[in-house]
Amino acid sequence: MNSGHQHRVFGRRAQEHILILASGDNVRHMTVRPWMAALAFCFIGVFSIGYLLATSYLVLRDDLIGATMARQARMQHDYEDRIAALRAQVDRITSRQLLDQQVVEDKVDKLMEQQMALTSRHGKLDNLLDRAESSGLTEKDGALPAPSSPVQSYAPDIKDKRASLNGGGIEAIEKQLASGAPADATPDNSTLAYVPTAETVGDRADRIFSKVTLSLKDVEQDQRSRVEQLTSDAGSAANAIETVLTRFKIPMPETAARKDDDDAVGGPYVEPESNDDFNNSLVALDGALTRLEAVRSTAESLPFRNPAVGKEVTSPFGNRRDPFLGRLALHSGIDFRFSPGERIRPTAPGKVISAGWTGGYGNMVEVDHGNGISTRYGHMSEVLVKVGDTVDRNDVIGLAGSTGRSTGTHLHYEVRQDGHAVDPVYFINAGLKLATYIK
């Protein structure tokens, strides 16, 4: 009984609260839910808190405004101090730039002096290189490097400088100097008063001009090495040619030149323009080339070439059985087998001193090459030159035949020194040794 009663009381539903609103004959009611009560409570709480905060702000407003104004004043003072520090730094940078500009201008002047010196040297070298090329010591593509090559990468350009280097090199250095990153002109607040020092124009100029100087020194050293090598090669070639000429008792042309120079020179003594080693090396190269050209010209004027390349030798120089008399006789030249009418050319330039019928030679041409040496070309079917003509190696002096004391068509080639016949083989063999030195 008791347990059943308690169960009914515990399980009874809570009664709902109803709000009744009456207005005249109109009666309205609204059931108040629990969530509606909670929402009303929250609204009242939020309103109360907002009211308390607004009241506190009004009470403490003066203190907050004062603190804000003080903070702004401190920030303004900080900015003014930092701006003053930046102005001082800008003044220092401006002064440094002026000094750097003066330093760069001085370095440009020195660089231009070096450049002009190298350019002047290269101008002198051009003539010497042409002479060396004509002497067979160098090729066109082996010329010395132009001094403007390194400067084209680093040459500086300074305002109010009217002089310029070859190849627009000054403009190139201007780009190099301007390529560095500038200092930050508008840094943030944390670094405003402590801007790090960037690389200045003077620092970049020192670095760039150091590279330029090294490049110019490399060019100068390369030129000096090439000049020394050419001097050595010219001396070696001249010595080789002189050795051959001495064997044939040909007088050296530079000996006579030196004697003539010593006998016909004069003038007041003046100090030399420069004692520079490079200029001295150029003088040495000029002397070596002059000596080489002299002996080379002498060698090229002598009959060191084969008059019948690839032709069969039918009779050498020396004693032999005479084909007509059948007894021992001296053959004063070399006979080469030729076809009738083949062209005959001299073995060296010279002057025709005999042309026409000459006894056993038949139709013969004799060419004087100087230094007491002449060559004879006999048994020709036709002579194409006359006495007094000047002939070159490529000129045709006659046509091969079988005139005079001859048993068949051939060329009788003879070399005479001081009026005496010598074996042409000696000259031909010497010409093979000189092939690399003469044209």
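For the structure, see preceding data.
One structure accompanies this document, and this report is about it. (Residues numbered from 1 in each chain as written. Predicted model: local features only at pLDDT ≥ 70, side-chain atom pairs only at ≥ 80, totals over all residues. Heavy atoms only, no water.)

A few words on the overall build of the protein. A count of helical and extended segments in the protein gives eight helices and 14 strands. Per-residue burial for the protein yields a buried fraction of 32% across its 439 residues. Across the protein, every contact between residues at least 6 apart in sequence was considered, and the portion connecting residues at least 24 apart equals 66%. Carbon and sulfur atoms form 54% of the exposed surface of the protein, whose accessible area is close to 28,000 Å². (Helix = DSSP H or I, 4+ residues; strand = E, 2+ residues; numbered from the N terminus. Buried < 20%, exposed > 50% of the residue type's maximum accessible area, 1.4 Å probe, protein only. Contact = heavy atoms within 4.5 Å. Areas by Shrake-Rupley, 256 points an atom, 1.4 Å probe, with all protein chains shown as cover.)

What follows covers the pairing of strand β13 (residues 410-417). β13 sits mainly inside the fold: eight of its eight residues count as buried. Burial of the side chains of β13 extends over both faces: H410, H412, E414 and R416 are buried on one face and L411, Y413, V415 and Q417 on the other. Taken together, the six bridges between strand β10 (residues 373-383) and β13 define a ladder with antiparallel strand orientation. In the strand pairing of β13, G378 is matched with H412. In terms of strand pairing, β13 meets strand β14 (residues 420-422) through three bridges, oriented antiparallel. Its bridge partner lying in β14, Q417 is registered against H420. Linkage of β13 to β14, two consecutive antiparallel strands, is achieved through a turn of two residues, within which D418 is found at a positive phi near 55°. (Pairing = 2+ DSSP bridges.)

Moving on, we come to the packing of aromatic side chains. Counted under the stated rule, the structure contains four aromatic pairs. These aromatic residues form a ring-pair network of at least three members: F248, F304 and F427. Here the basic side chain of K311 rests over the ring of F338, its NZ or CZ set 5.0 Å away from the ring centre. (Phe/Tyr/Trp six-rings, centres within 6.5 Å; stacked < 30°, edge-to-face > 60°. Lys NZ or Arg CZ within 6 Å of the ring centre and 35° of its normal.)

What follows deals with the nonpolar core. L245, F304 and I344 are the most contacted members of the largest nonpolar core, which totals 47 residues. At the level of elements, α2 (34-134), α5 (201-247), α7 (277-300), β6 (334-337), β9 (363-370), β10, β13 and α8 (424-433) are the ones that each hand at least two residues to this core. Counting nine residues, the second-largest nonpolar core is a separate cluster that includes V104, M112, L118 and F209. (Core = buried A, V, L, I, M, F, W, Y, C linked by side-chain atoms within 4.5 Å.)

Every buried residue of α8 is listed here: P424, F427, I428, A430 and G431. What you see down the axis of α8 is that its buried residues fit within an arc of 160°, all on one side. More than 90 degrees from the buried face of α8, the exposed residues found are Y426, L432 and K433. Regarding α8, its N-cap is D423, as a side-chain oxygen of that residue lies 3.1 Å from the backbone nitrogen of V425 further along. (Arc of directions from axis to C-beta. Polar contact = N/O pair within 3.5 Å; in protein donor to acceptor, adjacent residues only side chain to side chain.)

So, on to the side chain of E414. Within the secondary structure layout, E414 lies in strand β13. Only 2.8 Å separates the side chain of E414 from the side chain of Y361, close enough to count as a polar contact. At 2.9 Å, the side chain of E414 and the side chain of H412 are in polar contact. E414 has contacts with S332, G333, Y361, S374, T375, R376, A421 and P424, leaving out every residue within four places of it along the chain.

Our next topic: the side chain of T375. Position of T375 among the secondary structure elements: in strand β10. The exposure class of T375 is buried, given its relative accessible area of 0%. Within the local environment of T375, its side chain forms a polar contact with the side chain of H369, the two groups lying 2.8 Å apart. Beyond its immediate sequence surroundings of up to four residues, T375 is in contact with P303, T347, V365, E366, V367, H369, Y413, E414 and V415.

In this section: the pattern of salt bridges. One pass over the structure, following the stated rule, counts 10 salt bridges. Of the charged contacts, one joins K311 and E342 as a salt bridge, the two residues approaching to 2.8 Å between their closest N and O atoms. Here K311, found in the loop between α7 and β3 (313-315), pairs with E342, found in the loop between β6 and β7 (343-344); they are 31 residues apart in sequence, far enough to count as distant. In this structure K311 comes out as partly exposed when scored by relative accessible area, which is 29%. By relative accessible area, E342 is classed as partly exposed at 24%. Between R405 and D322 there is a salt bridge, with the nearest N and O atoms lying 2.9 Å from each other. Of this pair, R405 sits in the loop between β12 (398-400) and β13 while D322 sits in the loop between β4 (318-321) and β5 (328-331), and the two are 83 residues apart along the sequence. Overall, the relative accessible area of 41% leaves R405 in the partly exposed class. Linked through salt bridges whose partners overlap, the residues forming this network are E366, R376, E414 and R416. (Salt bridge = Lys/Arg side-chain N within 4 Å of Asp/Glu carboxyl O.)

Our next topic: the pairing of strand β8 (residues 350-357). Note: β8 against strand β11 (residues 390-391), two bridges, orientation antiparallel. Bridged to G350 within β11 is V391. Here β8 pairs with β9 via six bridges, running antiparallel. Bridge pairing in β9 links S354 to E366.

Attention shifts here to a nonpolar patch on the surface. Where nonpolar side chains cluster on the molecular surface, the patch consists of L19, L21, M30 and V32 and spans about 330 Å² of accessible area. For the nonpolar patch, the secondary-structure elements that each account for two or more residues are β1 (17-23) and β2 (26-32). Mapped onto the fold, L19 is located in strand β1. (Patch = residues over 30% accessible without salt bridge, like charges linked within 9 Å, V, L, I, M, F, W, Y side chains within 5 Å.)

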